[in-house]
Each structure stands twice: as C-alpha cells, then as structure tokens.
Amino acid sequence: MQRPRAARWVEHVNAVQTSARMEDWLSNRDSLTARLMARCAQFRVQRLSQHKAICLQDEYAAIGLPRSLKVHEREVFLRCDGEAMVYGHTVVPQTATANEWPLFHALGEKSLGSTLFNDPLVVRGELSYARLRQSHPLIRRIVARQPELADVPGMLARRSLFWRKSGCLLVTEVFLPGVEGLRLVEKR
C-alpha cells in the first residue's frame, strides 16, 4: 500500500493539464452547486460526515495552522440524478466562532456553496488546483465509498479559502469522472 502523500497544489489551471471542458469546471468561480443544478433534473447534497478530525498535511498551512491540528471537517458528495459528481471536503479551524460561520454546524444536507455565495460578508480567495493520486487521503476516502473508482489514476481537484469576518474555511472539491459528461438541462 502506498503511503499517503500531500498534493502539489498549483496556482494556474494549465499546470494540471486537462481538457478545455474540465478546465472550465475547475476555473469557473461561480457557485459549483448552481452549475451542477443546471445540469441535472435532481441535485442532492449527501453529507458523508461532519466531525472534528486531524487536518491533512496539505491543508494546515492554508488555514493558518502551525501543524496538523484538529479542525471541524465536513465531507459531502454532490449528486446529479443520483450519481456522485463531486466530492466536497471542508475544514474550519477549531478557533472559528459561530459569529464567523453561523450556519456551518447546522448545514446537514444543505449546500455549503449556496450558503457561501448568498452571504455578502463572505469573500472567496484564489483557486488552486491539483491532480490527486490514489495515495492521497481524499482519494482514499472517495474510493472507500465508490470502489469502482479504484482504477482511476488521478482525479482533478480545486480548492479555495473563504473568509467571513476574521474566520476562514478551506473548501476542496474533487471532480469525479462523470462530471465532464454533464450538459445543461432544459428546466420546465
């Protein structure tokens, strides 16, 4: 078994070498939830877990921690017509207050993206990109729930910080193979 490793996050989408279609998914700064909703008849957020956990090696510095410490962690699948399209992973430092992120703990199966994009106090940082290999902890978590993805050599991901008042949270979105085939759906 390969040892888990940190991802190499880059600041420009061209560095992950992907198709123009996937480049658009990765670099678009609009709400990912809204983009997915426009491409399926039924959208659903499936909460996989939400608890305190140790921050991953490639996350702690991004949220201002000196080392891997405990954080509030949330994991979800964003599903279009029943199929998982995106794995979402959010970490919030334990020092964050309810005043900074008032709805985080009560989200349940609501979309974090909808909450963030509808709050005028939230500021989004720059996007960064990576191709996560099978040895990365997030890919291991995905494969544990979706074993059919065990042979996918790498999955594209993006992440960004969101700031509200003085608090930050880090959202990582891993794009599963089916997302590239999604097309706009005419809504009646």
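Use the structure listed above.
Cut-offs applied
Residues numbered from 1 in each chain as written. Predicted model: local features only at pLDDT ≥ 70, side-chain atom pairs only at ≥ 80, totals over all residues. Heavy atoms only, no water. Salt bridge = Lys/Arg side-chain N within 4 Å of Asp/Glu carboxyl O. Helix = DSSP H or I, 4+ residues; strand = E, 2+ residues; numbered from the N terminus. Buried < 20%, exposed > 50% of the residue type's maximum accessible area, 1.4 Å probe, protein only. Pairing = 2+ DSSP bridges. Arc of directions from axis to C-beta. Contact = heavy atoms within 4.5 Å. Core = buried A, V, L, I, M, F, W, Y, C linked by side-chain atoms within 4.5 Å. Polar contact = N/O pair within 3.5 Å; in protein donor to acceptor, adjacent residues only side chain to side chain.

## Side note on the pattern of salt bridges
Here comes step 1: On inspection of all chains with the given rule, the structure shows six salt bridges.
Here comes step 2: Taking the shortest distance from any N to any O, the salt bridge between glutamate 73 and arginine 141 comes out at 3.0 Å. Residue glutamate 73 is located in strand β2 (residues 70-80), and its partner arginine 141 is located in helix α4 (residues 137-145); the two are separated by 68 residues in the primary sequence.
Here comes step 3: In this structure arginine 141 comes out as partly exposed when scored by relative accessible area, which is 22%.

## Considering the pairing of strand β7 (residues 167-175)
Consecutive residues of a regular strand have side chains that alternate between opposite faces of the sheet.
Here comes step 1: The buried fraction of β7 is high, at nine of nine residues.
Here comes step 2: Neither face of β7 is open: one carries Gly167, Leu169, Val171, Glu173 and Phe175, the other Cys168, Leu170, Thr172 and Val174, and all of them are buried.
Here comes step 3: Sheet topology note: the strand β3 (residues 83-93)/β7 ladder contains six bridges and is antiparallel. Note on β7: the bridge partner recorded for glycine 88 is glutamate 173.

## Notes on helix α1 (residues 20-27)
Given 3.6 residues per turn, any residue in an α-helix points the same way as the ones three and four places further on.
Here comes step 1: Turning to α1, its buried residues are Met22, Trp25 and Leu26. One face of α1 carries all of its buried residues, which in axial projection span an arc of 95°.
Here comes step 2: The inward-facing, buried residues of α1 contact α2 (32-37), β5 (128-133), β6 (154-164) and β7.

## Structural notes on the nonpolar core
Here comes step 1: If you look at the biggest cluster of nonpolar residues, it comprises 22 residues, and the most contacted ones within it are Trp25, Leu36, Leu78, Phe175 and Val179.
Here comes step 2: Of all the secondary-structure elements, those providing two or more residues to this core are α1, α2, β1 (43-54), β2 and β3.
Here comes step 3: Among residues more than four places away in sequence, those in contact with leucine 78 are Leu32, Leu36, Phe43, Arg44, Val45, Glu83, Ala84, Met85 and Val86.
Here comes step 4: Listed in part, the 18 residues of the second largest apolar core include Trp9, Ala84, Leu132 and Met155.

## Regarding the environment of asparagine 99
Here comes step 1: In this structure, asparagine 99 sits in the loop between β3 and α3 (112-117).
Here comes step 2: Sequence-wise, asparagine 99 and arginine 164 are 65 residues apart; in three dimensions their C-alpha atoms are separated by 9.1 Å.
Here comes step 3: Other than its neighbours up to four places away in sequence, asparagine 99 contacts Arg164 and Lys165.

## Some details on the side chain of arginine 159
Here comes step 1: Within the fold, arginine 159 resides in strand β6.
Here comes step 2: Of the polar contacts made by the side chain of arginine 159, one reaches the backbone oxygen of aspartate 58; its length is 2.5 Å.
Here comes step 3: With residues near it in sequence (within four places) discarded, arginine 159 still touches Trp9, Asp58, Glu59, Ala62, Glu126, Leu127, Ser128, Leu170, Val171 and Thr172.

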